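What follows is each chain in one-letter form.
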Amino acid sequence: MSIRPVVDLSTSLGPARSQGQRSTCMAFAMSDLNRAESSAPSVLSAEFLYQAAGSISPGWKIGEGLRSVDAITVTKMPGQPLDEHFPYQLNDPVIVGMPACPEGQHLYCSSINLHQPTMQVILDGLSNNQIVGLVVRVTEGLFAPIAGVVVHQVSVIPDAYHALLAVGWGMDVEGKRYLLIRNSWGVGWGVDGHAWLPEDFVDLHVLEAFGR
C-alpha cells in the first residue's frame, strides 16, 4: 500500500523512544508534545511527568497509567526538566509523591488542552504544524503494523488504552486518509517507531485528542 504524506512532522522529535514494560505511554506522548510546544532543546523527562502527574491524581497507584488531564496539568505547571537531568528508569518508583525539581534546571511548560477527538480536528491541527496527542482503544492490530500500516479492526482488547502522537497525515491512491502516528514502543515498532493509522480506526477508537 502506498500512502502519500501530506503533512509530516515526524522528524521534529528525533528517534521514537521506548517506554519499556511500564505503563508510561501518556508520560511519553505528553513529554514529546510538550517538547514540541515549548521548543525545548532536547528530550523532556517522561519520568518526572509520570511521577508528578500520578501524585496529583486521586487514588492513583504506582504502576498505573496516567489520566490526560493530570499530565496536561503538569505540563502547564510546574513543567518538565530535560531527560538528562531526571532520566527515565526501567522500574516504577517506590513511593507516590511529587518529585523534587532538579536544582538549577529550567522547567519547560506549554499550553496543552483537550480537543474534540475527530479526524478533521486532528487534521486541522497537523495542517497548522501542530502535533496532536491521542488516546486510543487498543486492538490486536496495533501491536504489529503490516508494512507500516495499522490494520483496522472493530474488536478491541477490553479495558486497554494507549496514548500516542499524530505527527502527520497522508492519503492512499483511493483518497482514503491516514494519520502518521509516533509510538513509544521503540524504533522496532512499525517503521522506525511510526505507522499509518486509517481513518476508520480513528473514527471508532480514538477517545481523546490533546494539543495546542
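Let me begin by describing the structure that accompanies this report. (Residues numbered from 1 in each chain as written. Predicted model: local features only at pLDDT ≥ 70, side-chain atom pairs only at ≥ 80, totals over all residues. Heavy atoms only, no water.)

## Regarding the side chain of Arg22
Structurally, Arg22 is set in the loop between strand S1 (3-8) and helix H1 (25-38). Using a relative accessible area of 5% as the deciding quantity, one classes Arg22 as buried. Of the polar contacts made by the side chain of Arg22, one reaches the side chain of Glu47; its length is 2.6 Å. In contact with Arg22, not counting residues within four places along its chain, are Glu47, Tyr50, Tyr88, Gln89, Leu90, Asn91, Asp92 and Pro93. (Helix = DSSP H or I, 4+ residues; strand = E, 2+ residues; numbered from the N terminus. Buried < 20%, exposed > 50% of the residue type's maximum accessible area, 1.4 Å probe, protein only. Polar contact = N/O pair within 3.5 Å; in protein donor to acceptor, adjacent residues only side chain to side chain. Contact = heavy atoms within 4.5 Å.)

## A few points about the pairing of strand S3 (residues 132-137)
In terms of burial, S3 is largely enclosed, as five of its six residues are buried. In this structure, S3 lies alongside strand S4 (residues 161-172), joined through six bridges in antiparallel fashion. By the bridge assignment, Val132 is partnered in S4 with Ala166. Examined bridge by bridge, S3 and strand S7 (residues 206-211) share four bridges and lie antiparallel to one another. Among the inter-strand pairings, Val135 is bridged to a residue of S7, identified as Glu208. (Pairing = 2+ DSSP bridges.)

## A few points about the packing of H1 against helix H2 (residues 46-55)
Two numbers describe how H1 lies on H2: the axes approach to 8 Å, and their chain directions differ by 120°. The angle between the axes of H1 and H2 places the two elements in the oblique class. The hand of the H1/H2 crossing is right-handed. Residue-level contacts link Ala27, Phe28, Met30 and Ser31 of H1 to Ala46, Leu49 and Tyr50 of H2. Of the residues that constitute the contact of H1 with H2, the class distribution is six nonpolar, one polar and no charged. (Axes fitted to C-alpha atoms, helices over the stretch in contact; angles between N-to-C directions. Parallel < 35°, antiparallel > 145°, perpendicular 65-115°, else oblique. Left-handed = near helix turned anticlockwise from the far one by under 90°. Nonpolar A, V, L, I, M, F, W, Y, C, P; charged D, E, K, R; others polar.)

## Overview of the side chain of Asp70
If you trace the backbone, Asp70 turns up in helix H3 (residues 68-76). Leave out the neighbours within four places in its chain, and Asp70 touches Ala53, Ile56 and Ser57.

## Comments concerning the packing of aromatic side chains
Scanning all chains against the criterion turns up five aromatic pairs. Here Phe28 and Tyr88 contribute two aromatic rings whose centre-to-centre distance is 4.8 Å and whose plane-to-plane angle is 80°, an arrangement assigned as edge-to-face. Placement of the pair is Phe28 in helix H1 and Tyr88 in the loop between H3 and strand S2 (113-115), with a sequence separation of 60 residues. With a centroid separation of 5.2 Å and 75° between ring planes, the pair formed by Tyr50 and Trp60 is classed as edge-to-face. One end of the pair, Tyr50, is in helix H2; the other, Trp60, is in the loop between H2 and H3, and 10 residues separate them in sequence. For Tyr50, a relative accessible area of 0% translates into the label buried. Put simply, the rings of Phe143, Trp185 and Trp189 pair up and form one aromatic cluster. (Phe/Tyr/Trp six-rings, centres within 6.5 Å; stacked < 30°, edge-to-face > 60°.)

## What to know about the nonpolar core
Side chains of nonpolar character tend, in soluble globular proteins, to be buried together. Residues Met26, Met30, Ile122, Leu126, Leu134, Leu179 and Phe210 are the most contacted members of the largest nonpolar core, which totals 57 residues. Ranked by residues supplied to this core, first place goes to H1 with seven residues. Contacts of Leu126, omitting those with residues within four sequence positions, involve Val7, Leu9, Ile131, Val132, Ala166, Val167, Gly168, Trp169 and Leu179. (Core = buried A, V, L, I, M, F, W, Y, C linked by side-chain atoms within 4.5 Å.)

## With respect to the state of the cysteines
For the structure shown, the criterion picks out zero disulfides. Not engaged in a disulfide, the cysteine Cys101 finds its nearest cysteine sulfur in Cys109; these two sulfurs lie 9.6 Å apart. The exposure class assigned to Cys101 is partly exposed, which follows from its relative accessible area of 41%. (Disulfide = S-S within 2.5 Å.)

No statement about biological role is implied by the geometric values presented.
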